[in-house]
Amino acid sequence: MTDTSAAAPARTASKRTVLMCRPDYFTVSYRINPWMHPEDPTDTSLAVKQWDVLHQIYLDLDFDVHLIEPIVGLPDMVYAANGGFVIDNIAYGASFTYPERQPEGPAYMDWFEANGFDVRVPEEVNEGEGDFLLVAGKILAGTGFRTATNSHGEVAAIYGREVVSLNLVNPSFYHLDTAVAVLDDNNIAYLPSAFDESSLEKLRTLFPDAVIVTEQDAAVLGLNSFSDGYNVVIASRAKDFERQLRERGYNPIGVDLSELLLGGGGVKCCTLELRR
Ligand code: ARG
């Protein structure tokens, strides 16, 4: 008899430093992605309550959590991942696609400046860690809906790292962090149907053992998760993703951000990693 129960590899957590923004002024008053329906009501106090749970999970995981002050009239500021991209203490600022979010770019750059980061003002349109993910020493860079391909070159020049451009094709998965989850230094999970064929080819070659998530899990923004290498904070409704993570030796932690999903964002969107 062959033993098919191969032991899952040991995973190691490493302490993370993140930036978050309380959704004090969260609402859906405009529509810049298919998830947003300004005609439907939103509950700001529920958004804050759900966000508080995520914040507390990070504190319990011993993360170093920084907070940026929310600004009246910028309801999407809660999605801190879009505020920039930070590696080696260098903060590449965001330049948003839609006018509704453009004031967030300078607001986040001011915060980086005040907190000792080397700020690089972007020349090209980009939405920060929503479309730039660091894994395997490379930068995966999304484009198609928000971040311009020209910014991929800007990022390569700033960080001196290889940048892998990926084309997003499904408007529901308009940022790379809605279609790819970074699980640790070398592993990712992704939704194949969110990419065109040439991008898929790149992903298959770079990550042959990637976790492939179901359409159902992606549709609750299950991939929009944040991992410290062992603990993976995910949407609690992404049940199959949760099972796959467990099988591979990770520790999934479910959280319900249903209210923030009305703006088209989940766990990762609310989280910007700060790498000193
Ligand atoms: N309403 C926001 C937008 O459409 C949601 C941003 C989600 N953020 C993310 N990192 N995927 O811009």
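Before reading on, note that the structure itself is shown above.
Residues numbered from 1 in each chain as written. Predicted model: local features only at pLDDT ≥ 70, side-chain atom pairs only at ≥ 80, totals over all residues. Heavy atoms only, no water.

Relative to strand β14 (residues 251-255), strand β13 (residues 231-235) is paired through five bridges, and the arrangement is parallel. For valine 233, the partnering residue across the bridge sits in β14 and is isoleucine 253. What joins β13 to β14 is helix α6 (residues 239-247), and the crossover it makes is right-handed. (Pairing = 2+ DSSP bridges. Helix = DSSP H or I, 4+ residues; strand = E, 2+ residues; numbered from the N terminus. Right-handed = clockwise from strand over helix to strand, strands pointing away.)

Neighbouring the ligand are 17 residues; Asn33, Arg101, Asp177, Gly263 and Cys269 lie closest to it. In the environment of the ligand, an oxygen atom lies 2.7 Å from a nitrogen or oxygen atom belonging to the side chain of asparagine 33. A total of 350 Å² of accessible area belongs to the ligand in isolation, and the protein chains cover 100% of it. For the shell around the ligand, the per-class residue count stands at six nonpolar, seven polar and four charged. (Near = heavy atom within 4 Å. Polar contact = N/O pair within 3.5 Å; in protein donor to acceptor, adjacent residues only side chain to side chain. Areas by Shrake-Rupley, 256 points an atom, 1.4 Å probe, with all protein chains shown as cover. Nonpolar A, V, L, I, M, F, W, Y, C, P; charged D, E, K, R; others polar.)

Moving on, we get to helix α3 (residues 149-159). Each α-helix winds once per 3.6 residues, and so residues spaced three or four apart point in a common direction. Within α3, the full set of buried residues consists of Ser151, His152, Glu154, Val155, Ile158 and Tyr159. The buried residues of α3 occupy one face: seen down the axis, they fall within an arc of 165 degrees. In α3, the exposed positions that point more than 90 degrees away from the buried face belong to Asn150 and Ala157. Packing partners of the buried residues in α3 comprise β3 (84-87), β4 (90-93), β5 (118-120), β6 (132-135), β7 (138-143) and β8 (163-167). Following α3 by one or two positions, glycine 160 adopts a phi angle in the positive range, close to 60 degrees. (Buried < 20%, exposed > 50% of the residue type's maximum accessible area, 1.4 Å probe, protein only. Arc of directions from axis to C-beta. Contact = heavy atoms within 4.5 Å.)

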